Amino acid sequence: MSENALQNNAHWGVLKKISFRFFSILLPLFIFLNNNGAFPFISGLLQLPALVLHKFIPWFSEHVIHYKYDFKIYTNGSGDTSYDWILLLFIFLVSLTGCIIWSLFDRKRKSYNAAYYWLVVLIRFYLAFTLVLYGLIKVIKLQFPDPSLNRLLQPFGDASPMGLAWTFLGFSKGYNIFMGIIEVSAVLLLFRRTIIVGAFLSLAATAHVMSMNYFFDVPVKLLSTALVVMSLFILAPHFLKLYRFFIQYESAQLDKMYKPVFKKRWLYFSAYGIKYLYITVSFGTLLYTFNQQRKTYGGDAPKPFLYGIYNVESMRLKGKTLQPLTTDSTRWKQMVINYSGYARIKTMNDSTFNFSTVFNTKKRELTLGSVDKESAQYILTYQLIGKDKLIISGLKGKDSITVSFKKKDLKDFRLINRGFRWVNEYPYNR
């Protein structure tokens, strides 16, 4: 649509009007019910519908479509829960029904130029803020952390597809920055002159994310697919001219977008002042928040006391030395301290047990409390000898226990020590 056509309220075709009615219900509903942090200052308000939907969607699922699942599970770390899929179905049905009713009662309207403009504004802001949010947590390297000690020790074949993707993406800080810059460039969607460029970059970024989510079983398929659809929706009016330009090599000029006219200057300056103030404050808040999170649990977070991988050299239980038999589920093989307050212990038969840790550095005491089914608790003293020797001794209940460890040098891992090289005489594929 040209700017003149929009201003003159040119006639729309029937299919175009029907499509607009459907998407003008579907996309805002998805945006308002899946805020995902895109609008930080009104996120609390946008969560209010969830209080009703958390009761309605399970009822709708059970009594209308007769699909039963664990109704206590809502959107969590996974955005592809049964609740989310049924909510999407409900949004689709509401949009379809609303489109039919709207079409019946509003058949004589020639066009929806102004309404289309504001719908695109909503989509632009949601898409831009969502991608900027995800881009910043990549640039600051919060989304994909460095491979943890547990990951480094995990057999390659035991990793889940999502775990493999997170390790692959988390390994390279440079690749995180590259992905983050592409996603942050969606900020171009917020300005009229750069909307098309921003939409192309957003489509590239969201298509990449969507493919990762589908092919590595990452449970954010619904959101990433919606972001691709929104990018295409912004570009849709220009498809024919883009095809002529890129495929047929014909000269073409893109139509200018509709621009609202402010009859009073104070309205003009107020509108744009609010817009740029909101953008500046939102981005500043995101940067500050993510920078603080990086210092708390990101790459700049302090390592826990005794951080490292400790291989067992010898172990005595009840005064007897336990031999390193691979079938023994009692004798320890390894202890990993990766996160503050937690330790993981692997036994000789490769069983793993998670423990909470409490260190008293003044008394050199360590308390291990089981967080698994086993209710074991260890009251121990620890002794550090040199840089790589650790001895713990004390009681497991009423039984005496002594374990001697040697700390593993993390540079022994090829994934860490290989580094970047300009020259490779042969492929280093291990």
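Because the structure is predicted, anything quoted here is derived from the model rather than measured. (Residues numbered from 1 in each chain as written. Predicted model: local features only at pLDDT ≥ 70, side-chain atom pairs only at ≥ 80, totals over all residues. Heavy atoms only, no water.)

Chemist: Looking at this structure, I do not really get the overall build of the protein. What am I missing?
Modeler: Broken down by element type, the protein carries 14 helices and 9 strands. Expressed along its principal axes, the backbone C-alpha trace of the protein runs to roughly 90 × 60 × 45 Å. Evaluated residue by residue, the protein yields a buried proportion of 36% over its 430 residues. Residue pairs in contact within the protein that sit at least 24 positions apart in sequence constitute 56% of those at least 6 positions apart. On the protein, roughly 25,600 Å² of surface is accessible, and the fraction owed to carbon and sulfur atoms is 62%. Of note, the protein has its 52 positive side-chain charges centred 9 Å away from the centre of its 24 negative side-chain charges. (Helix = DSSP H or I, 4+ residues; strand = E, 2+ residues; numbered from the N terminus. Buried < 20%, exposed > 50% of the residue type's maximum accessible area, 1.4 Å probe, protein only. Contact = heavy atoms within 4.5 Å. Areas by Shrake-Rupley, 256 points an atom, 1.4 Å probe, with all protein chains shown as cover. Lys, Arg positive; Asp, Glu negative; His and termini not counted. Charge placed at Lys NZ, Arg CZ, Asp CG, Glu CD.)

Chemist: What is the right way to look at the nonpolar core in this model?
Modeler: One broad rule of soluble globular proteins: the nonpolar side chains tend to lie buried together. Among the nonpolar cores identified, the biggest contains 46 residues, and I123, Y126, M230 and F290 are the most heavily contacted of them. Taken together, the elements giving at least two residues each to this core come down to α2 (14-33), α6 (113-139), α10 (195-215), α11 (221-235) and α13 (265-297). No other element matches the 16 residues that α6 contributes to this core. If we skip the residues at most four places from it in the chain, M230 touches L27, F30, I31, I123, Y126 and L127. Residues W332, F355, A376 and Y378 belong to the second largest nonpolar core, which totals 23 residues. (Core = buried A, V, L, I, M, F, W, Y, C linked by side-chain atoms within 4.5 Å.)

Chemist: Sorry, what's going on with the environment of S224 here?
Modeler: Topologically, S224 is positioned in helix α11. Between the alpha carbons of S224 and A205 there is a distance of 9.8 Å; along the sequence they are 19 residues apart. Excluding anything up to four places from it in sequence, S224 contacts T206, V209, M210 and N213. A polar side-chain atom of S224 sits 2.9 Å from the main-chain carbonyl oxygen of V220. (Polar contact = N/O pair within 3.5 Å; in protein donor to acceptor, adjacent residues only side chain to side chain.)

Chemist: Before we go on, may I ask you to explain a nonpolar patch on the surface in this structure?
Modeler: There is a patch of nonpolar side chains on the surface, built from W59, V64, I65, Y67, L89, F92, L93, L96, I100, I101, L104 and F105 and spanning about 1,100 Å² of accessible area. Summarising the element assignment, L93 is placed in helix α5 (residues 82-105). (Patch = residues over 30% accessible without salt bridge, like charges linked within 9 Å, V, L, I, M, F, W, Y side chains within 5 Å. Salt bridge = Lys/Arg side-chain N within 4 Å of Asp/Glu carboxyl O.)

Chemist: Teacher, can you tell me more about helix α9 (residues 173-184) here?
Modeler: What sets the pattern is the α-helix's 3.6 residues per turn: residues three or four places apart point alike. Over its 12 residues, α9 runs 16 Å from end to end, which matches the ideal 16 Å to within 8%, given 1.5 Å per residue. For α9, the set of buried residues is N176, M179, G180 and E183. Buried residues of α9 fall within an arc of 100° about the axis and therefore sit on the same side. Two to three positions downstream of the cap, the backbone nitrogen of G174 sits 3.5 Å from a side-chain oxygen, assigning the N-cap of α9 to S172. (Expected span 1.5 Å × (residues − 1). Arc of directions from axis to C-beta.)

Chemist: Any chance you could explain the confidence of the model for the protein here in plain terms?
Modeler: Any residue range with low pLDDT should be treated as having predicted coordinates unsuitable for detailed reading. In the predicted model, the protein carries a mean pLDDT of 91, and the fraction of residues at 70 or more is 97%. For residues 1-8, every residue scores under 50 in pLDDT, and the model assigns this stretch 21 contacts once sequence neighbours within four places are set aside. (pLDDT = per-residue confidence, 0-100.)

Chemist: Explain the packing of aromatic side chains to me, please; I cannot follow it from the model alone.
Modeler: On inspection of all chains with the given rule, the structure shows 41 aromatic pairs. Their ring planes at 75° and their centres at 6.2 Å tell us that F262 and Y268 sit as a pair that is edge-to-face. The exposure class assigned to Y268 is partly exposed, which follows from its relative accessible area of 32%. Taken together, the ring pairs in this structure connect W12, F20, F22, F23, F92, W102, Y112, Y116 and F233 into an aromatic cluster. It is R418 that lies over the ring of Y428; its NZ or CZ is 3.8 Å from the centre. (Phe/Tyr/Trp six-rings, centres within 6.5 Å; stacked < 30°, edge-to-face > 60°. Lys NZ or Arg CZ within 6 Å of the ring centre and 35° of its normal.)

Chemist: Which parts of the structure should I look at to understand the pattern of salt bridges?
Modeler: A side chain with one charge may pair with a side chain of the opposite charge, provided their charged atoms come close. Scanning all chains against the criterion turns up 9 salt bridges. Note that K72 is salt-bridged to D70, the shortest N-O span being 3.1 Å. What makes K72 exposed here is its relative accessible area of 68%. For the salt bridge of K389 with E313, the shortest nitrogen-to-oxygen distance reads 2.5 Å. Taken as a pair, K389 in strand β8 (residues 389-396) and E313 in strand β1 (residues 308-317) lie far apart in primary sequence, 76 residues in all. Classification of E313 as partly exposed rests on a relative accessible area of 41%.

Chemist: What should I look at first to understand the pairing of strand β4 (residues 342-347) in this one?
Modeler: It is a general feature of regular strands that their side chains alternate between the two faces of the sheet. Of the strand pairs in this sheet, strand β3 (residues 332-337) and β4 are connected by 4 bridges, and their pairing is antiparallel. Its bridge partner being in β4, V336 is matched across the sheet by R344. Counting the residues between successive antiparallel strands, the hairpin from β3 to β4 contains 4 residues, one of them, G341, with a positive phi of roughly 90°. Alignment of β4 against strand β5 (residues 352-360), held across 5 bridges, turns out to be antiparallel. Following the sheet pairing, I345 is matched in β5 by F353. (Pairing = 2+ DSSP bridges.)

Chemist: Would you explain unusual backbone geometry in this entry?
Modeler: Positive phi values are uncommon outside glycine, yet D217 reaches one of about 55°. As for its placement among the helices and strands, D217 is situated in the loop between α10 and α11. Even without a glycine there, the phi angle at D350 is positive, about 70°. For D350, the location among the structural elements is in the loop between β4 and β5. Here D350 falls in the partly exposed class, since its relative accessible area comes to 45%.

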